[in-house]
Amino acid sequence: MKYIPHFEPEFLPMELFLRGYEEEVAACKDKTKVILVAVRGKENHRYEFFAFPDGCGKDEENFRVAERMAKALLWVIGGAKILVSGSKEIAKRLKEAYAKDGIRAFDEDFMSTVYRAPFEVEYVEIDQLPPVKKASMKIGGNLKGCRIGFDAGGSDRKVSAVVDGEVVYEEEVVWSPKLHEDLEYHFDGILSAFKSAASHMERVDGIGVSTAGVVIEDRPMVSSLFLKVDKKKYGQAVFDIYLDAAKALGKDIPISVANDGDVTALAGAMSLKQNKVLGIAMGTSEAGGYINAEGGLNGWISELAFAPVDANPGAMEDEWSRDRGVGCKYFSQDAVIKLGNRAGIAFPEGSSPAEKLSFVQALMEKDDPIAAKIYSDIGIYLGYTIPFYSRFYEIDHLLLLGRVMSGKGGDIIMAKAKEVLEGEFPEFAHVHMFTPDEKLRRVGQAIAAASLPAER
């Protein structure tokens, strides 16, 4: 490993961890092919690797790799179940891990909620595995006609009226969806925004929504925006909230709802006029979105905050998922704070996480060398993580945004990540990293959302 983070020298990139294991297995005379399959609806996605045979004294090494890759599959792609073929020992241990009292109980509960069915891990013989079936939804880039673009944020909501690609009206309204238990508060706010935009056009040909959370078939199955809402009290109405608001505006108006990370990536793809765009937002947490080679969405959840990036067993624990080495501790304000604490920065007493980030950013604007090393370390994390993410996504362009990427610190992160790719992974040196410029800002989240519904 040529590049060592200044303040976290024990960082073990997932990509290097996997390559080391793969080399060790390749040198072994006996090996077995293991297939992990994430199943979601009618789709399934495979990850295949060679492992040591069961019972040869390497079961722990096999499980460590399988557990990390099953975790990555679930948080990149999503899944109602994981099928395991080729190793009954791996299947048994993964089943234990994803039990309600297992080490991955958080993941089990989350996926059960998203897909509204008990999460399962099942052993299947290779010849009984379902055929590979993937989906690509061509969505976005449609700006003909009169459209509404709605961006549902945690502290404000934005809406645009877009006619043939031109914004004729836009508004931004402060709201607090995370604090309200009454679903009517959310519904009234959404419908009010729709009506406001509609009043500035002669008709509405489609509505596109960008929303936080995991979206399945235009429904936010899990979303921080509805954190306080009693799902038992309101039932299906919680999941159908955007669809119901569209019906209330007018019968048969097409509506498309997408995760805000995917819409951000779409905005990047529209501004570049290119595909294979992965978007990563480094803010309060880490968010992701992706536009594939066909210019469509895979329908993956891309919740990269919970996907592993550091294989060090002693890595910092995420307080929510109770897992270690996951993305939210490496590509968010938490990463800046973690490294700041390790560097000995004296944060103002009682300051919030956002204020601590601002404190480091202020130091960076003064070219403080400690702050520069913090951002350099995040760049090292990123440079080693891009090849790992590339095991799932085809990446030609990487859109980086969020508060962590603002100012001089963001420039250091990109420069160091490029240096790592060129020095360690020349096969990925072609990846074009960029931050929002004026052209991308003109596209914007709400306008990209407006382009989601297909033309009539």
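Above: the structure in question.
Residues numbered from 1 in each chain as written. Predicted model: local features only at pLDDT ≥ 70, side-chain atom pairs only at ≥ 80, totals over all residues. Heavy atoms only, no water.

A. Layout of the side chain of His397. Residue placement: His397 occurs in strand 14 (residues 397-401). Excluding residues within four positions of it along the chain, His397 makes contact with Leu272, Gln274, Asn275, Lys276, Val277, Leu278, His432 and Phe434. (Helix = DSSP H or I, 4+ residues; strand = E, 2+ residues; numbered from the N terminus. Contact = heavy atoms within 4.5 Å.)

B. View of the environment of Thr32. Note that Thr32 resides in strand 1 (residues 32-40). Dropping the residues within four chain positions of it, Thr32 is found in contact with Phe49, Phe50, Ala51, Phe52, Pro53 and Gly86. A polar atom in the side chain of Thr32 sits 3.3 Å from the backbone oxygen of Gly86. (Polar contact = N/O pair within 3.5 Å; in protein donor to acceptor, adjacent residues only side chain to side chain.)

C. Seen up close, the side chain of Ser256. By the element assignment, Ser256 lies in strand 11 (residues 255-259). Leave out the neighbours within four places in its chain, and Ser256 touches Ile139, Ile207, Gly208, Val209, Asp218, Leu452 and Pro453.

D. Just the sheet that holds strand 14, in detail. With respect to topology, four strands assemble into an open sheet ordered 13-12-14-15, the strand pairing being mixed. The two strands at the open ends of the sheet, each matched to only one other strand, are strand 13 (286-291) and strand 15 (432-434). Each strand of the sheet is rotated relative to its neighbour by a mean of 15 degrees, with strand direction disregarded. Of the pairings in the sheet, the one linking strand 12 (residues 277-282) to strand 14 comprises five bridges and is parallel in character. In the sheet register, Leu278 faces strand 14, and the bridge partner there is Leu398. Against the sheet, helix 9 (residues 260-272) makes contact with strand 12, strand 13, strand 14 and strand 15, and its axis sits at roughly 50 degrees relative to strand 13, the strand it touches most. Contacts from helix 13 (residues 407-424) reach strand 14 and strand 15, with the element oriented near 170 degrees to strand 15. (Pairing = 2+ DSSP bridges. Axes fitted to C-alpha atoms, helices over the stretch in contact; angles between N-to-C directions.)

E. Molecular detail of a negative patch on the surface. The grouping of Glu181, Asp182, Glu184, Asp188 and Asp230 at the surface amounts to a negative patch. Position of Glu181 among the secondary structure elements: in the loop between strand 7 (166-174) and helix 5 (183-198). (Patch = residues over 30% accessible without salt bridge, like charges linked within 9 Å, V, L, I, M, F, W, Y side chains within 5 Å. Areas by Shrake-Rupley, 256 points an atom, 1.4 Å probe, with all protein chains shown as cover. Salt bridge = Lys/Arg side-chain N within 4 Å of Asp/Glu carboxyl O. Lys, Arg positive; Asp, Glu negative; His and termini not counted. Charge placed at Lys NZ, Arg CZ, Asp CG, Glu CD.)

F. Geometry of the sheet that holds strand 6 (residues 156-163). Taken together, the five strands give an open sheet; going across it, the order is 7-6-5-8-11, and neighbouring strands pair in mixed fashion. Strands at the two margins of the open sheet, each flanked by one partner only, are strand 7 and strand 11. The sheet shows a mean angle of 15 degrees between the axes of neighbouring strands, direction not considered. Contacting strand 8 (206-211) and strand 11, helix 9 runs over the sheet at an angle of about 100 degrees to strand 11.

G. Quick look at the packing of aromatic side chains. Enumeration over the complete set of coordinates arrives at 24 aromatic pairs. Between the aromatic rings of Trp75 and Phe106, the centroid separation amounts to 6.0 Å while the plane-to-plane angle is 20 degrees, which identifies the pairing as stacked. Highlighted residues: Trp75 in helix 2 (residues 59-76) and Phe106 in helix 4 (residues 105-115), separated in sequence by 31 residues. Each member of the pair, Trp75 together with Phe106, is buried. Note on Trp175 and Tyr185: the rings are 6.2 Å apart at their centroids and 20 degrees apart in plane angle, and the pair reads as stacked. One end of the pair, Trp175, is in the loop between strand 7 and helix 5; the other, Tyr185, is in helix 5, and ten residues separate them in sequence. Assessed through its relative accessible area of 4%, Trp175 is described here as buried. According to the relative accessible area criterion, Tyr185 is partly exposed, its value standing at 27%. Within the aromatic cluster, the residues linked to one another by ring pairs are Trp75, Phe106, Phe110, Phe306 and Trp320. The ring of Phe52 carries the charged tip of Lys58 above its face, separated from the ring centre by 5.3 Å. (Phe/Tyr/Trp six-rings, centres within 6.5 Å; stacked < 30°, edge-to-face > 60°. Buried < 20%, exposed > 50% of the residue type's maximum accessible area, 1.4 Å probe, protein only. Lys NZ or Arg CZ within 6 Å of the ring centre and 35° of its normal.)

H. Representation of the packing of helix 11 (residues 353-365) against helix 12 (residues 369-389). For the pair helix 11 and helix 12, interaxial distance at closest approach is 8 Å and the crossing angle is 115 degrees. The angle between helix 11 and helix 12 places the two elements in the roughly perpendicular class. Relative to helix 12, helix 11 is oriented so that their crossing is left-handed. Between helix 11, through Leu357, Val360, Gln361, Leu363 and Met364, and helix 12, the contact on the second element is made entirely by Ala371, Ala372, Ile374 and Tyr375. (Parallel < 35°, antiparallel > 145°, perpendicular 65-115°, else oblique. Left-handed = near helix turned anticlockwise from the far one by under 90°.)

I. Inspection of the pattern of salt bridges at higher detail. All chains considered together, the criterion is met by 32 salt bridges. When the shortest N-O distance is used, the salt bridge between Glu43 and Arg40 registers 3.9 Å. Like Arg40, Glu43 is buried. A salt bridge links Asp323 to Arg68, with the shortest nitrogen-to-oxygen separation between them at 2.8 Å. Of the two residues, Asp323 sits in the loop between strand 13 and helix 10 (333-343) while Arg68 sits in helix 2, which places them 255 residues apart along the sequence. Judged by its relative accessible area of 3%, Asp323 is buried. A relative accessible area of 6% places Arg68 in the buried class. Members of the salt-bridge network, linked through shared partners, are Glu67, Arg68, Lys71, Arg104, Asp107 and Asp323.

Without other data, these values stay purely geometric and don't point to any function.
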